[in-house]
Amino acid sequence: MRRPRPPAYLPRPHPGPGDTLLLYTDGLIETPTSSLDEGQHRLLTAAARQRDEELSELLISLQNSLSDNRDDIALIAFRVDPPG
């Protein structure tokens, strides 16, 4: 008996009003003294604290607080506008 094939893609949740999507490179969260998991935790914590900030302010703040300036970074944010 053949096993069913997994789907070719996994469904992704759709962002809702007010949700922010952050795309970043490892240079933002990776440091010589901490793991990527620790860096991701720092990013999630900082982004959650500042979720109501304007996107430009959020990006500047995340770069200043997380990057150790040893590596290049890319940081892009997208926010779904609330209806109305």
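The structure this text deals with has already been given above.
Heads up: these notes are all about the structure in this document. The shown structure was predicted, so the numbers you read here are calculated from the model rather than taken from an experiment. (Residues numbered from 1 in each chain as written. Predicted model: local features only at pLDDT ≥ 70, side-chain atom pairs only at ≥ 80, totals over all residues. Heavy atoms only, no water.)

Concerning the overall build of the chain
Next up, step 1: On a plain count of helices and strands, the chain comes out with 3 helices and 2 strands.
Next up, step 2: At a minimum sequence separation of 6, the contacts of the chain that also span at least 24 residues come to 64%. (Helix = DSSP H or I, 4+ residues; strand = E, 2+ residues; numbered from the N terminus. Contact = heavy atoms within 4.5 Å.)

Details of a nonpolar patch on the surface
Next up, step 1: On the surface, a nonpolar cluster with roughly 400 Å² of combined accessible area is contributed by L21, L23, I76 and F78.
Next up, step 2: At the level of secondary structure, the elements contributing two or more residues to the nonpolar patch comprise β1 (20-24) and β2 (75-79).
Next up, step 3: Tracing the sequence through the fold places L23 in strand β1. (Patch = residues over 30% accessible without salt bridge, like charges linked within 9 Å, V, L, I, M, F, W, Y side chains within 5 Å. Areas by Shrake-Rupley, 256 points an atom, 1.4 Å probe, with all protein chains shown as cover. Salt bridge = Lys/Arg side-chain N within 4 Å of Asp/Glu carboxyl O.)

Observations concerning the nonpolar core
Next up, step 1: Among the nonpolar cores identified, the biggest contains 11 residues, and these are L22, L28, I29, L43, A46, A47, L58, L62, L66, L75 and A77.
Next up, step 2: Secondary-structure elements contributing two or more residues to this core are α1 (26-29), α2 (36-49), α3 (55-66) and β2.
Next up, step 3: If we skip the residues at most four places from it in the chain, L75 touches L22, L23, Y24, L28, L59, L62 and Q63. (Core = buried A, V, L, I, M, F, W, Y, C linked by side-chain atoms within 4.5 Å. Buried < 20%, exposed > 50% of the residue type's maximum accessible area, 1.4 Å probe, protein only.)

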